[in-house]
Amino acid sequence: YVNPTAPKGGALVLGERGGFDSLNPFSVRGVVPLGIREWVFESLLKRSNDEAFSLYGWVAQAVEMADDRSWVTFTLDPRARFSDGAPIHPEGVIFSAEILREKGRPNHRSYYAKILRITQPGPGQVRFEFDPENIDREMPLILGLMPILPKAHYAGQDISAPGLRAPLGSGLYKVAELSPGRSITYARNRDYWAADLPVNRGQNNFDSIRVDFYRDENTAFEAFKAGQFDLWEEKDPARWARAYDFNAVRTNAVIKTAIKHGRPSGLQGFVFNTRHAPFDDI
């Protein structure tokens, strides 16, 4: 799903519907913009988008797990760095698990509450132990996807509260410009530590990504037709059939294509509750 020899550079402009009033992706309050969690923060392991639930080394370069999944040990990559240059130590991983368990989103609190004990069995290692009487077999994988937060930046912060303070992570992009509710621009971290890791090859190709926000879908589509942003994912069959006879399509400045994915498709339509009147009478 990537081109491993894709060129690097250039700028991507995206259009989103709605707005945002927070840059904190770990709070249920407030609305965050596209990209904050995905492009600014990293996790111990990384998904492969063409495998159901396979994870590969990212911040962690090795994983050891008990046969009964009662514990998992992650060995950190000694090259791992936050975007301010500070190294990622086991203490930062432990801090992330503890603060998200205490004040994170409900899914974080629910899953990380299953951690019985956190230890450091060796240099650069973090071990998570779980309740042997209540083993959740997915926990090693779920912890592999835990976002890693720098303790120096987030200690003393209430991460359950929304806010527009620029986040600090270890991902490839940093927040460069901000117009609250209207636009956010991410810039490539030129010193990104994991640019050459196999899990990142062929990805993260743009030097900058700007996300502009529009009040409603019709306004956004008109902006796309006018060339204000670069990509439109069409979900309306009627618009797909009738709304693409504009000049940019005719001149191939806009390329209209259906990309097959092979996944089960969701339902679009009306579903009647046949247990209630009048639909209970066929």
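Calculation rules
- Along each chain, the written sequence defines residue order, and numbers are assigned to residues from 1.
- A pLDDT threshold of at least 70 governs which residues receive local features in this predicted model, and a stricter bar of 80 or more applies before side-chain atom pairs are shown or counted, although totals over entire chains, interfaces and linings include all residues.
- As a rule here, side-chain values come from all non-hydrogen atoms in the structure, and water together with hydrogens is ignored.
- A strand pair is defined by DSSP finding two or more bridges across the two strands.
- To qualify as a helix, a DSSP run of H or I must reach at least 4 residues; to qualify as a strand, a run of E must reach at least 2; elements of each kind are numbered from the N terminus.
- Definition of nonpolar core: a set of buried residues of the types Ala, Val, Leu, Ile, Met, Phe, Trp, Tyr and Cys, connected through side-chain atoms within 4.5 Å.
- Accessible area is worked out with a 1.4 Å probe on protein chains only. A residue is then buried under 20% of its type maximum, exposed over 50%, and partly exposed in between.
- A contact between two residues is defined here by any heavy atoms of the two lying within 4.5 Å.
- What the arc covers is the set of directions going from the helix axis to the C-beta atoms.
- Side-chain atoms alone can form a polar contact between residues adjacent in sequence; in general such a contact is a pair of N or O atoms within 3.5 Å, and within protein one must be able to donate a hydrogen while the other accepts it.
- Here an angle of 0 to 180 degrees is reported between the N-to-C directions of two axes, which are lines fitted to C-alpha atoms, with helices fitted over the stretch in contact.
- Nonpolar side chains (Val, Leu, Ile, Met, Phe, Trp, Tyr) within 5 Å and like charges within 9 Å form the patches, drawn only from residues with over 30% relative accessible area and no salt bridge.
- Per-residue and other accessible areas follow the Shrake-Rupley method at a 1.4 Å probe size, with only the shown protein chains counted as cover for residues.
- Salt bridge criterion: a side-chain nitrogen from Lys or Arg within 4 Å of a carboxyl oxygen from Asp or Glu.
- What a helix should span is 1.5 Å times the count of its residues minus one.

Draft legend 1. Fine view of the pairing of strand S4 (residues 60-65). Strand direction decides the pairing type here: S4 and strand S5 (residues 71-76), joined by 5 bridges, are antiparallel. Bridge pairing in S5 links Ala60 to Leu76. Between S4 and S5, which follow one another and run antiparallel, lie 5 residues, and Arg69 among them has a positive phi close to 60 degrees.

Draft legend 2. Expanded view of the environment of Thr5. Along the chain, Thr5 falls in the segment before strand S1 (11-17). Sequence-wise, Thr5 and Arg201 are 196 residues apart; in three dimensions their C-alpha atoms are separated by 8.0 Å.

Draft legend 3. Geometry of the nonpolar core. Counting 52 residues, the largest nonpolar core has Leu44, Phe128, Leu143 and Met146 as its most contacted members. Counting residues per element, this core draws most heavily on helix H2 (residues 90-103), which supplies 6 residues. In this structure, Phe128 is in contact with Ser70, Trp71, Val72, Phe74, Val93, Ala97, Ile115, Arg117, Ile118, Leu143 and Met146, ignoring residues within four places of it in sequence. One finds Val13, Ala220, Tyr244 and Ala248 within the second-largest nonpolar core, a separate group that totals 13 residues.

Draft legend 4. Examining helix H6 (residues 217-225) more closely. Turning to H6, its buried residues number three or more, namely Ala220, Phe221, Ala223 and Phe224. Looking down the long axis of H6, one finds its buried residues gathered within 160 degrees of arc, a one-sided arrangement. The inward-facing, buried residues of H6 contact S1, strand S10 (208-214) and helix H7 (237-242). Measuring from the side-chain oxygen of the N-cap residue of H6 to the backbone nitrogen of Asn218 gives 3.1 Å; that N-cap residue is Asp216. Phi turns positive one or two residues past the end of H6, at Gly227, with a value near 85 degrees.

Draft legend 5. Expanded view of the sheet that holds strand S7 (residues 125-130). Strand order in the open sheet made by the 4 strands is S4-S5-S7-S6, with antiparallel pairing throughout. Edge positions in the open sheet fall to S4 and strand S6 (115-119), since each of these has one partner strand only. The mean angle between the axes of side-by-side strands here comes to 20 degrees, regardless of whether they run parallel or antiparallel. Where S6 lies against S7, 4 bridges are found, and the strand directions are antiparallel. Bridge pairing in S7 links Thr119 to Arg127.

Draft legend 6. A nonpolar patch on the surface, seen in detail. Together, Phe270, Phe272 and Phe279 make up an exposed nonpolar region whose accessible area comes to about 410 Å². When you line up the elements, Phe270 lands in the segment after helix H8 (247-250). A residue is classified by how much of its surface remains accessible, and Phe270, at 79% relative accessible area, is exposed.

Draft legend 7. Structural view of the sheet that holds strand S8 (residues 173-179). Read across the open sheet, the 4 strands follow the order S1-S10-S9-S8; overall the sheet is mixed. Of all strands in the sheet, those bounded by a partner on one side alone are S1 and S8. Direction aside, the axes of adjacent strands within the sheet are offset by 20 degrees on average. Two elements, strand S9 (residues 183-188) and S10, share 5 bridges in a ladder whose sense is antiparallel. Residue pairing across strands places Ala187 opposite Ser208, the latter belonging to S10.

Draft legend 8. H2, seen in detail. Helix length check: H2 (14 residues) gives 20 Å between terminal C-alpha atoms against 20 Å at 1.5 Å per residue, within 8%. Considered for burial, the residues of H2 that qualify are Pro90, Gly92, Val93, Ile94, Phe95, Ser96, Ala97, Ile99 and Leu100. Looking at the buried side of H2, the elements it contacts are S5, helix H3 (106-112), S6, S7 and helix H5 (151-154).

Draft legend 9. Molecular detail of unusual backbone geometry. Look at the link from Ala277 to Pro278: it is a cis peptide, with omega at 0 degrees. Inspection of the secondary structure puts Pro278 in the segment after H8. Phi at Arg69 takes a positive value of approximately 60 degrees, unusual for a residue other than glycine. Tracing the backbone shows Arg69 in the loop between S4 and S5. The phi torsion at Asn204 lies on the positive side, around 55 degrees, for a residue other than glycine. Here Asn204 shows up in the loop between S9 and S10.

By themselves, these are just geometric observations and shouldn't be taken as functional.
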